[in-house]
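Notes for the structure review
Here is how the chains run, residue by residue.
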Amino acid sequence: DAGITQSPRYKITETGRQVTLMCHQTWSHSYMFWYRQDLGHGLRLIYYSAAADITDKGEVPDGYVVSRSKTENFPLTLESATRSQTSVYFCASTSGDFFTGELFFGEGSRLTVL
Amino acid sequence: AQTVTQSQPEMSVQEAETVTLSCTYDTSESDYYLFWYKQPPSRQMILVIRQEAYKQQNATENRFSVNFQKAAKSFSLKISDSQLGDAAMYFCAQNYNNNDMRFGAGTRLTVKP
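The notes below deal with the structure included here. (Residues numbered from 1 in each chain as written. Chains lettered and ligands numbered in written order. Predicted model: local features only at pLDDT ≥ 70, side-chain atom pairs only at ≥ 80, totals over all residues. Heavy atoms only, no water.)

Focus on the overall build of chain B
Of regular secondary structure, chain B possesses zero helices and twelve strands. Overall, chain B shows an N-to-C arrangement of helices and strands of β-β-β-β-β-β-β-β-β-β-β-β. Against the compact-globule benchmark of 13 Å for 113 residues, chain B has a radius of gyration of 14 Å, which places it among compact chains. With the C-alpha coordinates of chain B rotated into their principal frame, the extents come out at 40 × 25 × 20 Å. The proportion of buried residues among the 113 residues of chain B is 49%. Counting only carbon and sulfur atoms, one obtains 42% of the accessible surface of chain B, whose full area is about 5600 Å². (Helix = DSSP H or I, 4+ residues; strand = E, 2+ residues; numbered from the N terminus. Rg over C-alpha atoms; globule rule 2.2 N^0.38 Å. Buried < 20%, exposed > 50% of the residue type's maximum accessible area, 1.4 Å probe, protein only. Areas by Shrake-Rupley, 256 points an atom, 1.4 Å probe, with all protein chains shown as cover.)

See the structure below:
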């Protein structure tokens, strides 16, 4: 099915472990984004990518790593998870002009770091 | 720093009635876009409505309309003839810095039958 999918939907891990959240989109959208959603903060941008092999930091990038070797995939890695990274993570994509276009979101990945 | 503020953490409305969700923003840009996104309990966010700042006419999408007051930096969402399916978290957002979208903290809307 066409769309944007995230995996896993739920993940529990321990402090210090590495975790990778996957994001896959079938539209060949050029732009992809990772947001985290925390109560009282709305969504905050972690990293974004304008195309394959082009990534850049957003508002809250510390502790996260991204890559984009293929247009359709944009994994987010927490190299050494901390409790403050407990959150719901959303991947999004859009084509063409980011500002006039519509962001398409995945269903989210709820991460708990113990 | 650019901020988007939603002053109503929760709102409720009776089915078939009208409700207005408030949003204010702070920007030094003269040209920008504003958005309202809906996040139903299933969590996948969808775009409700979009407004271009240089257009004075308020955007409308079926039962959803906005009241855009550029000088006051206000961007409220009006939902007419509310339906049970409108129950969700609503986020106001503004594009920022050519690569980001700044979101408000959200307003949880409850629709009472």
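That covers the picture; the talk isn't over yet.
Quick word on the state of the cysteines
All names here are of chain A. Scanning the model with the defined rule gives two disulfides over all chains in all. Each sulfur in the disulfide pair Cys23 and Cys91 lies 1.9 Å from the other. One disulfide, between Cys23 and Cys91, carries an S-S torsion of -75° and so falls in the left-handed class. Of this pair, Cys23 sits in strand E3 (residues 19–25) while Cys91 sits in strand E9 (residues 87–94), and the two are 68 residues apart along the sequence. In terms of burial, Cys23 and Cys91 fall into one category: buried. (Disulfide = S-S within 2.5 Å.)

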